[in-house]
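# Per-entry structural report
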Amino acid sequence: MSEHHLRFRRINLHASDTDLLHPVRRYARNTRGRDFVVGDIHGCFSMLDAALAARGFDPARDRLFSVGDLIDRGAESPAVLDAVQRHGIRAVRGNHEQGILDWARRADIDPARVEAMRANPKQALAEWMHCDGHTSQLIYNGGQWFIELYCERPDKARDIERYFSALPYAIEVETEHGLIGIVHAELPATHWPDGMAVLRARRSSRVREIVLWDRDRWQGGRVTAHIGGVCAVVVGHTPLREVRVRGNVINIDTGAVFRWYGNLTVLDLADIPAMLAQEED
Ligand SMILES: [Mn+2]
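Here the structure is a predicted model, which means the values were calculated and not measured.

### Section: the pattern of salt bridges
- Across all of its chains, the model carries 13 salt bridges by this definition.
- Residue aspartate 62 is joined to arginine 34 by a salt bridge in which the shortest nitrogen-to-oxygen separation is 3.1 Å. Here aspartate 62 is found in the loop between helix H2 (45-55) and strand E3 (63-66), whereas its partner arginine 34 is found in the loop between strand E1 (24-27) and strand E2 (35-38), with 28 residues between them in sequence.
- One salt-bridge network, held together by shared partners, links Arg26, Glu172 and Glu174.

### A few points about the coordination of the manganese ion
- Within the protein, the atoms that donate to the manganese ion are Asp69 (OD), Asn95 (OD1), His184 (NE2) and His237 (ND1), at distances of 2.1 to 2.2 Å.
- Each donor residue of the manganese ion belongs to the same chain, and together they define the spacing D-x25-N-x88-H-x52-H. Taken together, the positions of asparagine 95 in helix H4 (residues 95-106) and histidine 237 in the loop between strand E7 (232-235) and strand E8 (244-246) put the pair 142 residues apart, joining distant regions of the chain. When sorted by exposure, asparagine 95 lands in the same class as histidine 237, which is buried.

### Overview of unusual backbone geometry
- The phi dihedral of histidine 42 falls on the positive side, at around 45°, and the residue is not glycine.
- Residue position: histidine 42 is located in the loop between E2 and H2.

### Description of helix H6 (residues 121-131)
- Residues Ala124, Leu125 and Trp128 constitute the buried set of H6. Axial view of H6: buried residues confined to an arc of 100°, hence all on one face. The outward face of H6, more than 90 degrees from its buried face, is lined by the exposed residues Lys122 and His130.
- Check the buried side of H6 and you find it contacts H4, helix H5 (111-119), helix H7 (133-140) and helix H8 (144-152).

### A look at the pairing of E3
- Of the two faces of E3, both are covered, the one formed by Arg63 and Phe65 as well as the one formed by Leu64 and Ser66.
- As defined by bridge partners, E2 adjoins E3 across four bridges and the pair is classed as parallel. Bridged to valine 38 within E3 is serine 66.
- Between the parallel elements E2 and E3, the chain passes through H2 in a crossover that is right-handed.
- The pairing of E3 with strand E4 (residues 89-91) spans three bridges and is classified as parallel. Pairing of serine 66 across the sheet is with alanine 91, part of E4.
- The parallel pair E3 and E4, bridged by helix H3 (residues 80-87), forms a crossover whose chirality is right-handed.

Each value, and the rule that gives it
Residues numbered from 1 in each chain as written. Predicted model: local features only at pLDDT ≥ 70, side-chain atom pairs only at ≥ 80, totals over all residues. Heavy atoms only, no water. Salt bridge = Lys/Arg side-chain N within 4 Å of Asp/Glu carboxyl O. Helix = DSSP H or I, 4+ residues; strand = E, 2+ residues; numbered from the N terminus. Donors = N, O, S within 2.8 Å, 3.2 Å for Na, K, Ca; no water. Buried < 20%, exposed > 50% of the residue type's maximum accessible area, 1.4 Å probe, protein only. Arc of directions from axis to C-beta. Contact = heavy atoms within 4.5 Å. Pairing = 2+ DSSP bridges. Right-handed = clockwise from strand over helix to strand, strands pointing away.

If you want it as structure tokens, here you go:
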């Protein structure tokens, strides 16, 4: 196991601290193996295991990046840290990881509620949702698993929270074709280095909200703007039937958790130049 695999165990942030030391993380070129990036997993870690096995993924040489939204909705969310460690996932923060951090920081988590959850989870959860908007919001977004874990295994929930609180908003990967950027939803800048400077400089700004939530490029707006200063930007967040390219932005969220709809995309970064050459209008 490389140092990265164990890094989340050494993180020593307060569980509610989302003010990151490193909002942007950069990785040097991988001279030993391949680099992959996976779309929104949403707790479907068995699908990830199968997709990586099909690629002959070797965590000793290959690297796996993620566009975020590792969790929620899918059945295997509580095993998120196991999957991160098993495959050495290097993820950016998605709106679902942020949603769990926001719940843990803002929700009305009374010890009496936790006790009630242990005694009669169904009834306690219904009452909790009724009185607390943050809790109903999290459940609506598929995060009930975390509330249950928080009540049953608070130590495990806190480890997950700590891991999420250390996730960067953006990852930069050096490749033989140039720099590849990864954010969850969208870059609020037309020049990658400008976007990174803003992410580093500002705390809870509108910029971070766009990075985690914006869908304009893929819905309605049909934004085709090219982002300068970077070979390509890989995003997820807006599920599509197939991988799509607009400008030099590639959306790899093919809706893994919606099995009737799509599947899990694992993209080899070496295939990106050929994809950009076939860019849509
Ligand atoms: Mn998302």
